[in-house]
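Residue-level listing of the chains:
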Amino acid sequence: MAVVIDTLGARRPRHPEKQANPDTPILKKPEWLRVRAPGSPGYMATREIVKTNRLVTVCEEAGCPNIGECWDKSHATFMIMGEVCTRACAFCNVSTGKPLALDLDEPARVGEATAKMGLKHVVVTSVDRDDLADGGAQHFVETIRAIRAASPSTTIEILTPDFARKPIAALEAVIDARPDVFNHNLETVPRLYLSIRPGARYYHSLRLLERVKERDPTQFTKSGIMVGLGETKEEVMQVMDDMRSAGVDFITIGQYLQPTRKHAAIDRFVHPDEFRALEEIARAKGFLMVSASPLTRSSHHAGEDFARLQAARRARETAA
C-alpha cells in the first residue's frame, strides 16, 4: 500500500530557520508580567477595523502582551509591507521567509483606518524588506502621505528597519517625509548582536538615528532595547551614552519575552525596581523621555508619550 504524504497542504513553519535550534526552557512569568486576556468591546471594535481594512498589525504578529489594553483604547501599530520578514532575528515572532510583492493600495488603507479609528497619534512599522531596492523606504513615504491626506491632524510615528546596504537616498526620502517621530530600535547591546540580531549591525543602526538628526534636527528620534537577554547594567548604560551621542530624544527599555522554545532563551526576568533605576539613570543622561518597565514596548502609550515628549522639549527650550 502506498502512503501519500501531502507536502503542499502542510502549513509552513512560522520560523523555518529556527526549526533545527535546540529547545530552550520557557521560564514561568513573574506576577508583574501577567496581563488579562483581551476581549473587551473596544478590543473587538479595533479588531474588526483592522480585519475589514485587510491590515497587518505588529500587535498581533509580534504577540505583544499589551494588545488588550491598546486595542481597547483604539490604539494599534500598523505593520506595512506584509507579514513576512527577510530577517531571522533570534528574539522576534514575526514570520521569516520570502515576502510577497508590495500591495500598492496598502498606504491608502492605513490612512482610511487611521481616520476611522479617530487616531490622534498613529504608529507605523514594517518587516525588513531586504529584497527591495530601497528596503521599502518609498512605501513608508506613501503611507505617511496617505495618513496625512486622510487624517491631517494625526501625528505620525514610524518604526523603521535599518535600510542596510541600501542607497542613503532611501533613508533620506523617509526623513524628508517628515514623520513626527522617527523610531529605530537598537534592540540589544553590541556584544549580543551576533546571536540576537545577526542580520543587523549595531553601529549602522546608531548611525541611522544620527543621520535623522543631522538632516532634520526638529524631528524627534526614538530607540529602544530589551533587557533579560544576558546584558550587563554597564552595557545598557553604554548604549544609553551611544544613543545620546546620536541625539536620540526618547529611549524605551522593556523585558524580553521568549515567543517559543526555538527563540533566544530568557536569561532572567528583570525586577520592576531595576527598571526604575534604569529610568533614573537615563533621565540623568539627558533623554527628553524615558519609558522603562517590564511591559514597555516601542509603541505602548505612544500617543500619550508624544504629548509628554513635546512638553519636555518646550520646557528644556524655555530653561535654556
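Owing to the predicted nature of the structure, the values given are computational and were not obtained by experimental measurement.

## Observations regarding helix α11 (residues 302–319)
With 18 residues, α11 ought to run about 26 Å at 1.5 Å a step, and its terminal C-alpha atoms sit 25 Å apart, in line with that. A302, D305, F306, L309, A312 and R313 are the residues of α11 that are buried. Down the axis, α11 shows its buried residues gathered within 120° of arc, on one side only. In α11, those exposed residues whose orientation departs by more than 90 degrees from the buried face are T318 and A319.

## Quick look at helix α5 (residues 137–150)
Over its 14 residues, α5 extends 20 Å from the first C-alpha to the last, a length consistent with the 20 Å expected when each residue adds 1.5 Å. Of all the residues in α5, the buried ones are A137, H139, F140, V141, T143, I144, A146 and I147. Lining the buried residues of α5 we find β1 (77–80), α4 (106–117), β4 (121–126), β5 (155–159) and α6 (168–176).

## Considerations on empty space enclosed by the protein
In this structure the tally under the stated criterion is 2 cavities of 30 Å³ or more. Here the residues of the lining of the largest cavity sort into 3 nonpolar, 1 polar and 6 charged. Estimates place the volume of the second largest cavity at around 30 Å³. Considering the residues around the second largest cavity, the lining is formed by E157, V181, K222, F250, A302, D305, F306 and L309. In terms of residue count, α11 provides more of the lining of the second largest cavity than any other element does, 4 residues in total. Each residue belonging to the lining of the second largest cavity can be placed in one class, and the counts come to 5 nonpolar, no polar and 3 charged.

## Comments concerning the pairing of strand β9 (residues 289–292)
The two faces of β9 match: M289 and S291 on one face and V290 and A292 on the other face are all buried. As judged from the 4 bridges shared by strand β8 (residues 250–255) and β9, these two strands associate in the parallel manner. Note on β9: the bridge partner recorded for T252 is S291.

Calculation notes
- Per chain, residues are indexed from 1 in the order of the written sequence.
- Where local features are concerned, this predicted model is filtered to residues with pLDDT of at least 70; where side-chain atom pairs are given and counted, the filter is 80 or more; whole-chain, interface and lining totals use all residues.
- Values shown for side chains rest on all heavy atoms present in the structure; no hydrogens or waters enter the calculation.
- Counting from the N terminus, the helices are DSSP H or I runs at least four residues long and the strands are E runs at least two residues long.
- In this analysis, the expected span of each helix is defined as 1.5 Å times one less than the number of residues it contains.
- Relative accessibility thresholds used throughout: buried, under 20% of the residue-type maximum; exposed, over 50%; partly exposed, between the two (1.4 Å probe, protein chains only).
- Relevant arc is that of directions from the helix axis to the C-beta atoms, nothing else.
- Every residue pair with non-hydrogen atoms within 4.5 Å of one another is taken to be in contact.
- Using protein atoms alone on a 1 Å grid, points that fit a 1.4 Å probe yet trap it form a cavity, whereas open point sets bounded by protein on both sides within 12 Å along at least five of seven lines form a pocket; residues with an atom within 4 Å of a point count as lining.
- Grid points are joined across faces, edges and corners, and a volume is the space filled by probe spheres set on the points.
- Residue polarity follows a fixed list, in which Ala, Val, Leu, Ile, Met, Phe, Trp, Tyr, Cys and Pro are nonpolar, Asp, Glu, Lys and Arg are charged, and the others, Gly among them, are polar.
- Two strands make a pair as long as DSSP finds a minimum of two bridges between them.

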